[in-house]
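Analysis of the macromolecular model
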Amino acid sequence: VQVTKAWLALPQKKRTRWVEIRGDETALRLLGIEYALHPLALEDALRPSQRPKEERYETHAQIVVPRFVVHGPDETPQVATENVSIFVAGESLVTYAASTQAPAWSRRVRAELACSFTKLREEGSNFLAYRVLDAVLDSGAPAVAALRGSISQQREKLRRSKYSSNDAGATLQRIKCDLEQILRLLRPLARVLMTLVQDDDVVDHRYNSYIEDAGENVAELEDDIAAALGDIERLAEESELYFQRSQEKTIYVLTTVTAIFLPLQFVTGLFGMNFKYMPQLNDRGAYYLLLWICLIYTVLALALVWWCSSGRRRSLKHHDIEAA
């Protein structure tokens, strides 16, 4: 319905009234006049950057909770945040969200209201406020699951590209920012739920077990985010280790080549000196003897390098197996 002064003047037929506002600021201000909503509460509801909070006013209570919306494909999802404000004024409940589309939490609560003989229909506005709060909070688990699924896909993409995919790195960085943003909102949200358990004026103490269950879900969500951030950190360490080993391999090859040819360079420099007396210069067999000595030395040096490299590769492989 359209919220107007005429509609507000109609008699309330039901014991509990729920007015859901989707992006209509004018309707919210009209309801603010009808239910004497505090101006600061209205400002908090209209502020997109408002952190989760619970505030008790003289005529009503306000709860601000975040809703998480996943956009984009499964490989590169993005999480947007939208606040949902819940006003409890007697037996009336007013909810406001900036989005004009019917969100999933609203459809879920309305579907439960459509069923006969449910606890939601029997209880008053306090339990309805909890059900709305719980439905909004349930948007966090799918958002975190989508981000964790994307982390797994980016991990495979990085390993296939030998950690040279810039797109995967940028995606992981954005996912990390989204996870940290969700975590920053969950911490004050946990404090809000703790306050609701202690404050019987907002949600009746009979529903404390429900609120505590929602708090446990928030704690599990924080653990999932911590695990996802740990996966990203391990991927960064894995990539750094890969490039470190590549650099070590390059330095090892250069050092080996230098070690092999340094004695040969010494021989070349020695016989390149302009001394007047060099007995080997007049010996026909000295030249071929020197070539054989250099050849045998080179073969033995290469064999030694191959044997050492094989042992090093076996040691690294054994270390990787133990780490896995």
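For the structure, see preceding data.
So, how was this worked out
Residues numbered from 1 in each chain as written. Predicted model: local features only at pLDDT ≥ 70, side-chain atom pairs only at ≥ 80, totals over all residues. Heavy atoms only, no water. Helix = DSSP H or I, 4+ residues; strand = E, 2+ residues; numbered from the N terminus. Buried < 20%, exposed > 50% of the residue type's maximum accessible area, 1.4 Å probe, protein only. Contact = heavy atoms within 4.5 Å. Areas by Shrake-Rupley, 256 points an atom, 1.4 Å probe, with all protein chains shown as cover. Patch = residues over 30% accessible without salt bridge, like charges linked within 9 Å, V, L, I, M, F, W, Y side chains within 5 Å. Salt bridge = Lys/Arg side-chain N within 4 Å of Asp/Glu carboxyl O. Lys, Arg positive; Asp, Glu negative; His and termini not counted. Charge placed at Lys NZ, Arg CZ, Asp CG, Glu CD. Pairing = 2+ DSSP bridges. Axes fitted to C-alpha atoms, helices over the stretch in contact; angles between N-to-C directions. 1 Å grid on protein atoms, 1.4 Å probe; cavity = no way out; pocket = protein on both sides within 12 Å on 5 of 7 lines; lining within 4 Å. Points joined across faces, edges and corners; volume = space filled by probe spheres on them. Phe/Tyr/Trp six-rings, centres within 6.5 Å; stacked < 30°, edge-to-face > 60°. Lys NZ or Arg CZ within 6 Å of the ring centre and 35° of its normal.

Thoughts on the overall build of the chain
Of regular secondary structure, the chain possesses ten helices and five strands. Evaluated residue by residue, the chain yields a buried proportion of 38% over its 324 residues. Considering only residue pairs separated by 6 or more positions, the chain has 66% of its internal contacts joining residues 24 or more positions apart. Here the chain has roughly 19700 Å² of accessible surface; of this, 57% comes from carbon and sulfur atoms.

Brief notes about a negative patch on the surface
A contiguous patch of negative charge on the surface is contributed by E212, D213, E216, E220, D223 and D224. Mapped onto the secondary structure, E216 falls in helix α9 (residues 208–271).

Observations concerning the pairing of strand β1 (residues 17–22)
The buried fraction of β1 is high, at five of six residues. Of the pairings in the sheet, the one linking β1 to strand β5 (residues 92–97) comprises six bridges and is parallel in character. Its bridge partner lying in β5, W18 is registered against L93.

Quick look at the sheet that holds β5
Taken together, five strands build an open sheet; the order of strands is β1-β5-β4-β3-β2 and the sheet is mixed. The two strands at the open ends of the sheet, each matched to only one other strand, are β1 and β2 (53–56). Strand-to-strand twist of the sheet, defined as the mean angle between neighbouring strand axes without regard to direction, takes the value 20°. Contacts from helix α7 (residues 140–160) reach β3 (61–71) and β4 (78–89) within the one sheet, and its direction differs from that of β3 by about 30°.

Points about a nonpolar patch on the surface
A cluster of nonpolar side chains, namely Y287, Y288, L291, W292, L295, I296, V299 and L300, defines an oily patch on the protein surface of about 910 Å² accessible area. The exposure class of L300 is exposed, given its relative accessible area of 56%.

Examining the pattern of salt bridges
Opposite charge on two side chains permits them to pair, given that their charged atoms come into close proximity. Under the counting rule described, the total for this entry stands at 15 salt bridges. Between E20 and R22 there is a salt bridge, with the nearest N and O atoms lying 3.1 Å from each other. Accessibility expressed as a relative area gives 31% for R22, which makes it partly exposed. The residue D44 makes a salt bridge to R47 at a minimum N-O spacing of 2.9 Å. Each of the salt bridges in this network shares a partner with another, and the network as a whole consists of R108, E112, R131, D134 and D138.

Quick word on unusual backbone geometry
One non-glycine residue with positive phi stands out, namely A36, at about 55°. Its location among the elements puts A36 in the loop between α2 (25–34) and α3 (39–46). Residue A36 is classed as partly exposed on the basis of its relative accessible area, which comes to 43%.

Side note on a positive patch on the surface
Taken together, R51, R184, R187 and R191 make up a surface patch of like positive charges. Here R184 shows up in helix α8 (residues 166–198).

A short note on empty space enclosed by the protein
Counted under the stated rule, the structure contains one cavity of 30 Å³ or more. When its volume is computed, the largest cavity comes out at roughly 40 Å³. As for the largest cavity, its lining consists of E20, R22, R67, E82, A97, S99, Q101, P103 and W105.

With respect to the packing of aromatic side chains
Considering all chains together, one arrives at six aromatic pairs under this definition. Taking the centre distance of 5.2 Å and the plane angle of 50° together, the rings of Y130 and Y210 count as tilted. Highlighted residues: Y130 in helix α6 (residues 125–137) and Y210 in helix α9, separated in sequence by 80 residues. Note on Y130: relative accessible area 5%, which makes it buried. Summarising the aromatic geometry, the rings of Y242 and F243 are spaced 5.6 Å apart at their centres and angled 80° between planes, so their arrangement reads as edge-to-face. In textbook terms, an aromatic cluster arises when at least three aromatic residues are bridged by ring pairs, as seen for F127, Y130 and Y210. Between the NZ or CZ atom of K119 and the centre of the ring of F127, over which it lies, the distance is 5.4 Å.

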